[in-house]
Amino acid sequence: MAIGRPKKMMNMYIFDILKRNTDNNHAITQKEIQHSGITTCQVTVVFASQISTLKT
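Draft legend 1. View of the overall build of the protein chain. Of the regular secondary structure elements, the protein chain holds three helices and zero strands. The buried share of the protein chain, reckoned over its 56 residues, is 25%. Across the protein chain, every contact between residues at least 6 apart in sequence was considered, and the portion connecting residues at least 24 apart equals 39%. Surface accessibility of the protein chain: about 4400 Å² in total, with carbon and sulfur atoms responsible for 59%.

Draft legend 2. Seen up close, the pattern of salt bridges. In the structure shown here, the tally under the stated rule is one salt bridge. Among the ionic pairs, Asp16 bridges to Arg20, the shortest N-O distance being 2.9 Å. Of this pair, Asp16 and Arg20 both sit in helix H1 (residues 10–21), four residues apart, which is roughly one turn of the helix. By relative accessible area, Asp16 is classed as partly exposed at 26%.

The rules behind these values
Per chain, residues are indexed from 1 in the order of the written sequence. Totals for whole chains, interfaces and linings use every residue, but because this is a predicted model, local features are given only for residues with pLDDT of at least 70 and side-chain atom pairs only at 80 or more, for both listing and counting. Side-chain measures here rest on the full set of heavy atoms in the structure, leaving out hydrogens and waters. Under the DSSP-based scheme used, a helix requires at least four consecutive residues in state H or I and a strand at least two consecutive residues in state E, with every element numbered from the N terminus. Only protein chains enter the accessibility calculation, which uses a 1.4 Å probe. A residue is then buried if its area is under 20% of the maximum for its type, exposed if over 50%, and partly exposed in between. When checking whether two residues touch, look at their non-hydrogen atoms; a contact exists if any pair is within 4.5 Å. Using a 1.4 Å probe, accessible areas were evaluated by the Shrake-Rupley method; residue-level cover was limited to the displayed protein chains. Only one rule defines a salt bridge in this text: a Lys or Arg side-chain nitrogen within 4 Å of an Asp or Glu carboxyl oxygen.

Right, here's the structure in full:
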């Protein structure tokens, strides 16, 4: 979900984070993407694997 930013742009925010922070030798975890989303894009990144835990 995007807070303060359009939800439709979430894929572009994640792509931008991956483009800036990864390469063939440096991977990034979901937690690191979430942290980068909050600090650089001012968005809260929620992955599909986390939705079931949020609904309970």
